[in-house]
Amino acid sequence: QVQLVESGGGLVQAGGSLRLSCAASGRTFSDYAMGWFRQAPGKEREFVAAKRRSGGSTYYADFVKGRFTISRDNAKSTVYLQMNSLKPEDTAVYYCAAVSNRKIIATIKSSYEYDDWGQGTQVTVSS
């Protein structure tokens with residue numbers, strides 16, 4: 001099991017930026033694909049971004065392409081989500097999640113594929 005702790009959320013005005021961090025422990029970080037998801041009040045959890053390994057494939061939801069960037073630092077066992085040009089509709093609790101690179105999954109964009117989750121960090125974008 002991988003323990004995940006998110007940080008970096010907060011309140012920001014529309015057009016601003018935030019960088020979320022997710023620190024992992026308990027397993028070899030490089031063995032895991034990492035994803036970011038978000039959940040707004042009254043809505044289902046949705047995929048934001050994922051990265052299989054440093055230098056590996058990167059995936060984004062259409063609504064964040066060109067604005068958000070996922071990266072990972074295996075030496076620090078941390079995955080980041082740089083969020084630029086934030087919009088009020090980006091307001092949500094953001095979660096990071098991990099799934100073993102050895103696990104055969106249907107799609108890295110599905111929350112059901114991930115085995116370990118952080119507690120979430122709130123991002124609020126004011127208009």
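Scroll up a little and you will see the structure.
Every residue gets a number counted from 1 within its own chain, in the order that chain's sequence is written. Where totals are concerned, whole chains, interfaces and linings use all residues; where local detail is concerned, this predicted model gives features only for residues with pLDDT of at least 70, and gives and counts side-chain atom pairs only at 80 or more. Values shown for side chains rest on all heavy atoms present in the structure; no hydrogens or waters enter the calculation.

**Student:** Could you give an account of the overall build of the chain, naming the residues involved and the relevant values?
**Tutor:** The numbering of helices and of strands both runs from the N terminus, where a helix is a DSSP run of H or I of at least 4 residues and a strand a run of E of at least 2. Per the secondary structure count, the chain includes 0 helices and 11 strands. N-terminal to C-terminal, the α/β element order of the chain is β-β-β-β-β-β-β-β-β-β-β. Each principal axis of the C-alpha atoms in the chain carries an extent, and together these give about 40 × 30 × 25 Å. Three exposure classes are used, based on accessible area relative to the maximum for each residue type with a 1.4 Å probe and protein chains only: buried under 20%, partly exposed in between, and exposed over 50%. Each of the 127 residues in the chain was classed as buried or not, and the buried ones make up 46%. Note on definitions: a residue-residue contact is assigned when non-hydrogen atoms from the two residues lie within 4.5 Å. Here the contacts in the chain between residues at least 6 apart in sequence split such that 59% fall between residues at least 24 apart. Only the protein chains shown count as covering a residue, and every accessible area follows the Shrake-Rupley method with a 1.4 Å probe. Of the roughly 6,300 Å² of accessible surface on the chain, a fraction of 46% belongs to carbon and sulfur atoms. Between the centroid of the 16 positive side chains of the chain and the centroid of its 11 negative side chains there is a distance of 5 Å. His is not counted, nor are the chain ends; Lys and Arg add positive charge and Asp and Glu add negative charge. Charged side chains are reduced to one point each, which is NZ for Lys, CZ for Arg, CG for Asp and CD for Glu.

**Student:** An account of the state of the cysteines is requested, with residue identities and associated values reported.
**Tutor:** In this description, the term disulfide denotes a pair of cysteine sulfurs within 2.5 Å. In this structure the tally under the stated criterion is 1 disulfide. Sulfur-sulfur distance for the disulfide between Cys22 and Cys96 comes to 1.9 Å. Note on the Cys22 and Cys96 pair: the S-S dihedral is about 45°, so by sign convention the disulfide is right-handed. With Cys22 in strand 3 (residues 18-25) and Cys96 in strand 9 (residues 92-100), this pair connects stretches of sequence that are 74 residues apart. Under the relative-accessibility criterion, Cys22 is labelled buried at 0%.

**Student:** Run through the environment of Arg19, naming residues and quoting values.
**Tutor:** Here Arg19 shows up in strand 3. Given the relative accessible area of 46%, Arg19 is considered partly exposed. Measuring from C-alpha to C-alpha, the distance between Arg19 and Ser7 comes to 8.6 Å, with 12 residues separating the pair along the chain. For Arg19, the residues in contact, after removing those within four places along its chain, are Ser7, Gly8, Tyr80, Leu81 and Gln82.

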